[in-house]
Amino acid sequence: MFMNMKIGVRMGLGFGAVIALMLVVIWIGVSRLDSVNTITDRIVAKDWVKASLATDAHELVNDNARANLELLIVTDKEKMQKIFDRIEGNKGKITATLEKLDGLVYKAEGKALLEKIREKRKPYVASFGKIAKLVHEKNGQEGAIKVMETETLPHLNEFVAAMEEFVKLQAKLM
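What comes next is a walk through the structure. (Residues numbered from 1 in each chain as written. Predicted model: local features only at pLDDT ≥ 70, side-chain atom pairs only at ≥ 80, totals over all residues. Heavy atoms only, no water.)

Turning to helix α1 (residues 7-71), a few remarks are in order. Its 65 residues give α1 an end-to-end C-alpha distance of 94 Å, which sits within 8% of 96 Å, the value for a rise of 1.5 Å per residue. Within α1, the axis deviates most sharply at I43, by approximately 35 degrees. (Helix = DSSP H or I, 4+ residues; strand = E, 2+ residues; numbered from the N terminus. Expected span 1.5 Å × (residues − 1). Bend = angle between axes of the 7 residues up to and from the residue.)

Okay, structure coming up:
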């Protein structure tokens, strides 16, 4: 049948087939570009932001750890108050950062790690509260050091480990 057609018809069918194949290739290319765009958007709008927020929270936790240790050696009430203010400011920023992360985390593993961070943070913050009270008391420095050594530092280590786990997950997702 194809052989019985005139040359013009055969050429027209050949060009039509080439054009049809080109349209299929174009459609596949555009759909693949759209999926790349979706992935890029997720990385830029979610994954990068999560990694950045997690890193910021981790830095704030480390700053609070340094501030806790500073409280044990500072005797000047004015300097002590500045340290307490810094700690309170960081606590607020950490809480806000964790809330932002809540809205961005979409994987079950990430949600579980975020919950673990919250759970590990509670005893650390409570322990720090004990140190704050002791530091304000006359001759409370020795008790504050003991609480730091026996409670605060172990809780801090668990809290920081949970933060680092979350940061590593976010880096892996990137």
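The structure having been displayed, the exposition proceeds.
Moving on, we get to the packing of helix α3 (residues 108-136) against helix α4 (residues 141-173). Direction vectors running N to C along α3 and α4 enclose 160 degrees, while the axes themselves pass 8 Å from each other. The angle between the axes of α3 and α4 places the two elements in the roughly antiparallel class. α4 is crossed by α3, and the crossing has left-handed handedness. Looking at side-chain class alone, the contact of α3 with α4 contains 18 nonpolar, six polar and nine charged residues. (Axes fitted to C-alpha atoms, helices over the stretch in contact; angles between N-to-C directions. Parallel < 35°, antiparallel > 145°, perpendicular 65-115°, else oblique. Left-handed = near helix turned anticlockwise from the far one by under 90°. Nonpolar A, V, L, I, M, F, W, Y, C, P; charged D, E, K, R; others polar.)

Under the defined criterion, the tally for this structure stands at ten salt bridges. Measuring nitrogen to oxygen at the nearest pair gives 2.8 Å for the salt bridge that ties E165 to K116. Pair noted here: E165 is in helix α4 and K116 is in helix α3, with a separation of 49 residues, a long-range link. Residue E119 pairs with K122 through a salt bridge whose shortest N-O separation is 3.2 Å. With E119 and K122 both in helix α3 and three residues apart, this pair spans about one turn of that helix. (Salt bridge = Lys/Arg side-chain N within 4 Å of Asp/Glu carboxyl O.)

A few words on the side chain of D47. For D47, the location among the structural elements is in helix α1. Among the polar contacts made by the side chain of D47, one reaches the side chain of K50 at a distance of 3.2 Å. Among the polar contacts made by the side chain of D47, one reaches the side chain of Y106 at a distance of 3.0 Å. Not counting the four nearest positions on each side in its chain, D47 is found in contact with R42, Y106, L173 and M174. (Polar contact = N/O pair within 3.5 Å; in protein donor to acceptor, adjacent residues only side chain to side chain. Contact = heavy atoms within 4.5 Å.)

Contact geometry for α1 and helix α2 (residues 77-104): axes closest at 9 Å, N-to-C directions at 160 degrees. As far as their axial angle goes, α2 and α1 are roughly antiparallel. The crossing of α1 and α2 is left-handed. Broken down by class, the residue content of the contact of α1 with α2 amounts to 16 nonpolar, four polar and nine charged.

Relative to the 40 Å expected for 28 residues at 1.5 Å per residue, α2 spans 41 Å between its end C-alpha atoms, a close match to the ideal helical length. Looking at α2, one finds that the buried residues are M80, I83, F84, I87, N90, I94, T97, L98, L101 and L104. If you follow the buried residues of α2, they end up packed against α1, α3 and α4. (Buried < 20%, exposed > 50% of the residue type's maximum accessible area, 1.4 Å probe, protein only.)

Now for a nonpolar patch on the surface. Residues V18, I19, M22, L23, I26 and V30 make up a contiguous nonpolar surface patch of about 580 Å² in total accessible area. Within the secondary structure, V18 is located in helix α1. (Patch = residues over 30% accessible without salt bridge, like charges linked within 9 Å, V, L, I, M, F, W, Y side chains within 5 Å. Areas by Shrake-Rupley, 256 points an atom, 1.4 Å probe, with all protein chains shown as cover.)

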